[in-house]
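Listed below are the residues making up each chain.
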Amino acid sequence: MQALLLSHFTATSCIGAGLDATLASLRAERSGLKPCDFDSTDLATWIGEVSEVDGQLLRPDLRAFDCRNNRLAQLGLRQDGFETAVLAAASRYGKRRIGVFLGTSTSGILETELAYRALDPVSGALPASFVYAGSHNPFSVTAFVRGYFGLEGPAMTVSSACSSSAKVFASARRMMAAGLIDAAIVGGVDSLCLTTLYGFNSLDLLSRQPCQPFDAGRRGISIGEGAAFVLLEKLPDSLDAGAIVLRGIGESSDAHHMSTPHPEGRGAISAMEQALASAGLQPGQIDYINLHGTATPSNDTVEGKAVAAVFGDHALPCSSTKGETGHTLGAAGGLEAVISALALQQGFMPGGVQTQTVDPALPVDYLLHNRDEAPQHVLSNSFGFGGTNCSLVLGRTT
C-alpha cells in the first residue's frame, strides 16, 4: 500500500493529557490506574480515569453533543496543537476534502444510564434534556468532531469493539485511495460507563488488582478511558528524517465466538500477515510489537501463539501498555497507535508496567522495563470481541 503520513497526533488517557504528559509517564514507567470509584459502582477493580473530563464545557453551538464521551473528545482535541493543525489542513485542502473516521464502543451511553435514573415515575418518559443523537448514538463523537472543525467531508464511526480505532486507519486509507479525500482525522474515544464495568464484571473478566498483561498470574482487565487523534495525510513530495508513516494495515475476522478469540489465533495471524504484506516487510524487519495484551488468561495466550506463528524464533521485543492506561476499549487501537508513534519518534520501546513474572508458556520476548533502542518499524495489534482484528505497521523515515 501507499504509505500515509501521521502529520500530527495526540493522546489523552489516565497517564496524561497530551503527548508530553503521556511520554513522561511512559518514560517513568508510571501507571495511571486507581481503585474503582466511578459514579455509583461497587466493584473491586481498578480503572484508568481521566480526571480533567468533568471540567470540560462544550462550545455553545455544540451543546447538543454534551456527554462524557464528547467532553473527553474535546479535551483530547485541545492538546498538542492538534486544532491548529486540522484548521491549517482544512485551509489547504478544503473542508470537503478532509474525512473524519473515529472508533468507539459505547459512545455516550453513560448519558442513557443517567437518563434512566430520571425516568418520569408516572409516564416512564425519559427526561427532555436527554439527546440520544448527541450522546448514546455511536455516530455522536464523529459528528461532534466534524462539527468542532466545521468539516464537510465523508464521516463515519467504526464500532467493532476493541479494534474500532485501529480499523479507522483502514477506512481513511480506502477513502484516500479512491480519491475522495486528501486527509483524515482518525482515532477513537471511549469513556467510562456502568455498562462496560458491570458488563465485563458479569463475564468475570475484571481484575481485582491493576491488570498484568502476559503475567503468569494475570487475572483480567482494568478498564480505562481515552481519546486519541491522528491527522493522516498523503505523503508529500519530500519528507524530513524522523517522520512517522503508516506503512501497513491488516484486518480479519475470526468468525469463531462472540467473546473468545479463536484458540489458535487464526484471525490475529491473518491480520498481522496482511499488515506485513501491505507494508512490504518481512517479520524480521519489525523491531517492536505493541501487543493487544488485555491481561485475560485466554486473550494473552492466543496472542502469544499468534505472534510466535508469524514471527517464529525471531526474538522480537514486545509489550502491552494497558498496564499504564487500562484497556480503553474502542479507543485502544488509536491510543496504542499514538504510543507506537511516540516510541518511533522518541527512540525507545515501552515496557509492560505491572507485569512482574512473564508467563513462561507464552513464546514472546516481553519487555518488563523500557528499552532504550530506537525502533524503525512497529506493529500495533488490536483485537476485539466477535473476533474482529486489526494490525497496523508504523515506521520512521530515515
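Residues numbered from 1 in each chain as written. Predicted model: local features only at pLDDT ≥ 70, side-chain atom pairs only at ≥ 80, totals over all residues. Heavy atoms only, no water.

The 3 strands are arranged 3-4-8 in an open sheet whose pairing can be described as mixed. The sheet is open, and its two borders are formed by strand 3 (34-35) and strand 8 (223-224), each paired with just one other strand. Here strand 4 (residues 46-48) pairs with strand 8 via 2 bridges, running parallel. Looking at the pairing, Ile47 lines up with Ile223 of strand 8. (Pairing = 2+ DSSP bridges. Helix = DSSP H or I, 4+ residues; strand = E, 2+ residues; numbered from the N terminus.)

Attention now moves to the pattern of salt bridges. Counted by the stated rule, this structure contains 19 salt bridges. Of the charged contacts in the structure, one is a salt bridge between Arg71 and Asp66, with a shortest N-O distance of 2.9 Å. Residue class for Asp66 comes out partly exposed when judged on its relative accessible area of 35%. Between Asp300 and Arg218 there is a salt bridge, and its shortest N-O distance comes to 3.6 Å. In this pair, Asp300 sits in helix 9 (residues 297-311) while Arg218 sits in the loop between helix 7 (194-202) and strand 8, placing the two residues 82 residues apart along the sequence. The exposure class assigned to Arg218 is buried, which follows from its relative accessible area of 4%. Counted as one network, the salt bridges with shared partners bring together Lys34, Asp37, Glu49, Asp54, Arg68 and Glu225. (Salt bridge = Lys/Arg side-chain N within 4 Å of Asp/Glu carboxyl O. Buried < 20%, exposed > 50% of the residue type's maximum accessible area, 1.4 Å probe, protein only.)

A separate point is the pairing of strand 14 (residues 377-384). Where burial is concerned, most of strand 14 is hidden: 8 out of the 8 residues are buried. Because side chains alternate across strand 14, one face comprises the buried residues His377, Leu379, Asn381 and Phe383, and the other comprises Val378, Ser380, Ser382 and Gly384, equally buried. Where strand 11 (residues 288-290) lies against strand 14, 3 bridges are found, and the strand directions are parallel. Bridging across to strand 14, Asn290 finds its partner in Ser380. In this sheet, strand 15 (residues 388-396) lies alongside strand 14 in antiparallel orientation, the contact comprising 8 bridges. Opposite Leu379, over in strand 15, you have Val393 as the bridge partner.

So, about the packing of helix 6 (residues 164-177) against helix 11 (residues 332-346). Look at helix 6 against helix 11: their axes get within 4 Å of each other, and the N-to-C directions meet at 75°. On the basis of the axis angle, helix 6 is roughly perpendicular to helix 11. Residues Ser165, Ala166 and Phe169 of helix 6 lie in contact with helix 11, whose contacting residues are Ala332, Gly333, Gly334 and Ala337. A per-class count over the contact of helix 6 with helix 11 returns 4 nonpolar, 3 polar and no charged. (Axes fitted to C-alpha atoms, helices over the stretch in contact; angles between N-to-C directions. Parallel < 35°, antiparallel > 145°, perpendicular 65-115°, else oblique. Contact = heavy atoms within 4.5 Å. Nonpolar A, V, L, I, M, F, W, Y, C, P; charged D, E, K, R; others polar.)

Let us now look at the pairing of strand 7 (residues 183-190). Counting buried positions along strand 7 yields 8 of 8 residues, so the element is predominantly enclosed. Side chains Ala183, Ile185, Gly187 and Val189 of strand 7 all project onto a buried face; the interleaved residues Ala184, Val186, Gly188 and Asp190 project onto the opposite face, where all are buried too. The pairing of strand 5 (residues 98-103) with strand 7 spans 6 bridges and is parallel. Along strand 7, the bridge assignment pairs Gly99 with Ala184. Across 8 bridges, strand 7 lies against strand 9 (residues 226-234) in antiparallel orientation. Directly across from Ala184, in strand 9, lies its bridge partner Leu232.

Once that is clear, we can look at the packing of aromatic side chains. Applying the stated criterion to the full structure yields 6 aromatic pairs. An aromatic cluster of three or more residues is present, and its members are Phe65, Phe144, Tyr148 and Phe149. The aromatic ring of Phe348 is capped on one face by Arg27, whose charged end is 4.3 Å from the ring centroid. In this structure, Arg59 is placed above the aromatic ring of Tyr148, and the distance from its NZ or CZ to the ring centre is 4.9 Å. (Phe/Tyr/Trp six-rings, centres within 6.5 Å; stacked < 30°, edge-to-face > 60°. Lys NZ or Arg CZ within 6 Å of the ring centre and 35° of its normal.)

In this section: the environment of Asn290. Mapped onto the elements, Asn290 comes out in strand 11. The exposure class assigned to Asn290 is buried, which follows from its relative accessible area of 0%. Between the C-alpha atoms of Asn290 and Ser391, which are 101 residues apart in sequence, the distance is 9.9 Å. Residues within four places of Asn290 in sequence aside, it is in contact with Ser319, Thr321, Glu336, Ile339, Ser340, Leu379, Ser380 and Asn381.

With respect to the helices, strands and loops of the structure, Phe9 is situated in strand 1 (residues 4-13). For the pair formed by Phe9 and Ile244, sequence separation is 235 residues and the distance between their alpha carbons is 10.0 Å. Sequence-distant contacts of Phe9, that is, excluding residues within four places in its chain, are made with Leu19, Asp80, Phe82, Phe229, Val230, Ile244, Val338, Ala341 and Gln345.

Grouped together as the largest cluster of nonpolar side chains are 41 residues, with contacts concentrated most on Leu6, Phe169, Val186, Leu232 and Leu246. Within the residue set of this core, elements represented by two or more residues are strand 1, helix 1 (19-27), helix 6, strand 7, strand 9, strand 10 (244-253), helix 11 and strand 15. Once residues lying within four places of it in the same chain are set aside, the contact partners of Leu6 are Val230, Leu231, Leu232, Ile244, Val245, Leu246, Ala341 and Leu394. Among the nonpolar cores identified, the runner-up in size contains 30 residues, and Leu58, Leu62, Leu72 and Ala89 belong to it. (Core = buried A, V, L, I, M, F, W, Y, C linked by side-chain atoms within 4.5 Å.)

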